[in-house]
Structure formats: structure tokens, C-alpha cells
Amino acid sequence: MSSSSTERDAAAPARRSFWSVDRGGLVRLGVAVALALAALLSPLVGTTSAQFTDSTQVSVTFSVTPTPSP
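All values reported here derive from a predicted model rather than from experimental measurement.

J.: How should the overall build of the protein chain be read in this particular structure?
T.: Within the protein chain one finds 1 helix and 0 strands. When the accessible surface of the protein chain is summed, it comes to about 7,600 Å², and 60% of that surface belongs to carbon and sulfur atoms.

J.: Before we go on, may I ask you to explain a nonpolar patch on the surface in this structure?
T.: Taken together, L29, V33, L37, L40 and L41 make up a surface patch of nonpolar side chains, about 490 Å² in accessible area. Considering the arrangement of structural elements, one finds L37 in helix α1 (residues 23–45). When its relative accessible area of 46% is taken as the criterion, L37 is described as partly exposed.

Calculation notes
- Residues numbered from 1 in each chain as written.
- Predicted model: local features only at pLDDT ≥ 70, side-chain atom pairs only at ≥ 80, totals over all residues.
- Heavy atoms only, no water.
- Helix = DSSP H or I, 4+ residues; strand = E, 2+ residues; numbered from the N terminus.
- Areas by Shrake-Rupley, 256 points an atom, 1.4 Å probe, with all protein chains shown as cover.
- Patch = residues over 30% accessible without salt bridge, like charges linked within 9 Å, V, L, I, M, F, W, Y side chains within 5 Å.
- Salt bridge = Lys/Arg side-chain N within 4 Å of Asp/Glu carboxyl O.
- Buried < 20%, exposed > 50% of the residue type's maximum accessible area, 1.4 Å probe, protein only.

Okay, structure coming up:
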């Protein structure tokens, strides 16, 4: 039977670093955080408005010059 302080116990779970977890989960987390920040910052951006009218005035002038008769 061997024993060493550098050997891991077979029953102990392996340690995982933050970057070794599922990449898809990290991407979904990043997208959710970005959407949350956009929702929080959107009232600070400002508002836009438009003005719609029912009628429009247009002036048209016709000018006809007479042609001489032969």
C-alpha cells in the first residue's frame, strides 16, 4: 500500500476552475447580464417623439405662355 501527500483521494471530487465549466452557460450568463444592464440604462438614454399632422398645404402655380399662330 502506497501513500503520498501528492496523490489525490479517489473519493474526493476533482477541483474545477472557473473557466473549465460549460462555455455555453457562461455565454448565456453574459447575455443575460448585458440585457439586464441595457434594461437598467435605457431610461437614461432619452426619449424620441414624432408629430403627425392631418393636413398639408401645398401651393402650385401654373404658367402657360401663348404660342404665336402661323
